[in-house]
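Each chain is listed here by its residues.
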Amino acid sequence: MTKTNPGYFFEDYRVGQVLNHATPRTLHDGDVAMYQALYGPRFALQSSWDFASPGSSLRNPIMDDLITFHTVFGKTVPDISLNAVANLGYAEGRFLARVESGDTIRSVSEVIGLKENSNGKTGIVWVRTRGFSNFDVPVLEYVRWVMVRKRDATAPAPDPVVPELATIVPAAELHVPDGLDWSLYDFAAAGEPHRWGDYEIGEIIDHVDGVTLTDPEHMMATRLWQNTAKVHFDVTARPDGKRLIYGGHIISMARALSFNGLANAQLIAAINAGAHANPAMAGDTIRAWSEVLDKAETSNPHVGALRLRLVATKGAVGDLRGEDGKYLPNVLLDLDYWVLIPV
């Protein structure tokens, strides 16, 4: 009997199945330094011990929200996407608490949907994942769906169950940290003067800079999150002999690029929807642009919320879909999310 874990295949999943993912991980300042080296984010709240206004409830330094996302996500890979063809999308993502150095993260997922593809060789698996710090404090929840290989193409297909998912997280449900005090917010230190009222719905922001992707960086990043999906490391896992770049690597790179024009979008509050529209490989040069989709007040008079579309692309700013409604081939990421920004 083999003792190794081949991972789950499509026919191994059942709706309602709960997966307690292995290997809790304690995050430290070293993770922050590594994240900084890989992506170069410049948001002040995650960069400075002293940036938060006096009396703020946030202890410094806090972890970048995407460190939390990647850590929670990485725990799920051996059970959800080890045999995945592609990670397809996200919905109903909410950041529920901020993670700090020394916190230990664990993840739990529930299978909420299954649908075999017409080729009979793969199927779509929907899961709702919850991340906890220090074993019982909820920090993040989200739904994602993944295309997973079948072990046996002749295995019978389960009855299809496709979950109904909200298109957005309502602004009223966004978590604003208790006691967050931006009354003395230092716009000069943050890098830009633009506050909530300066953005208009429909506005397009070109983040200007580009980054050429490399295999060493994306593999190092993916290992940092203990993401073991074969397609990110093993050139024999794909017919084209290339390593697929982890979609989260594109999310973090695009978010870091978005500083130029959105420097005061300090915290991610929710992920409404997300699609990895096309695969990314080493050698691709990506750029990012954002569209302001909506604005909302929050329960904190110093904090507003912006709903943004963040697009990572190898093409032109503003280009997203063709006449057929499908994503253009140069579009890598289409992420719809809420951020918190000073009023």
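Definitions and cut-offs
- Residues numbered from 1 in each chain as written.
- Predicted model: local features only at pLDDT ≥ 70, side-chain atom pairs only at ≥ 80, totals over all residues.
- Heavy atoms only, no water.
- Helix = DSSP H or I, 4+ residues; strand = E, 2+ residues; numbered from the N terminus.
- Contact = heavy atoms within 4.5 Å.
- Buried < 20%, exposed > 50% of the residue type's maximum accessible area, 1.4 Å probe, protein only.
- 1 Å grid on protein atoms, 1.4 Å probe; cavity = no way out; pocket = protein on both sides within 12 Å on 5 of 7 lines; lining within 4 Å.
- Points joined across faces, edges and corners; volume = space filled by probe spheres on them.
- Salt bridge = Lys/Arg side-chain N within 4 Å of Asp/Glu carboxyl O.

Q: With reference to specific residues and values, describe the side chain of D79.
A: One can find D79 in helix 3 (residues 65–80). Those residues in contact with D79 that lie beyond four places of it in its chain are Y8, Y13, L19, N20 and H21.

Q: Any chance you could break down unusual backbone geometry for me, citing the residues and the numbers?
A: With a phi angle near 50°, E92 is a residue other than glycine that sits in the positive phi range. Of note, E92 is situated in strand 3 (residues 84–95). Relative accessible area serves as the criterion here: at 17%, E92 is assigned to the buried category.

Q: Provide a residue-level description of the layout of surface pockets, including the pertinent values.
A: Of the pockets and cavities examined, the largest pocket occupies roughly 360 Å³. If you go around the largest pocket, you meet 25 residues; those closest to its centre are V85, A86, N87, L244 and H276. When residues of the lining of the largest pocket are traced back to their parent elements, those giving at least two are helix 3, strand 3, strand 6 (137–149) and helix 6 (247–257).

Q: Mind laying out the pattern of salt bridges, listing which residues take part and the relevant values?
A: This model, assessed by the stated rule, comprises 13 salt bridges. The shortest N-O distance in the salt bridge between D240 and R238 comes to 2.8 Å. By relative accessible area, which is 39% here, D240 ends up partly exposed. Members of the salt-bridge network, linked through shared partners, are R94, R130 and E141.

The values are spatial; any link to function lies outside them.
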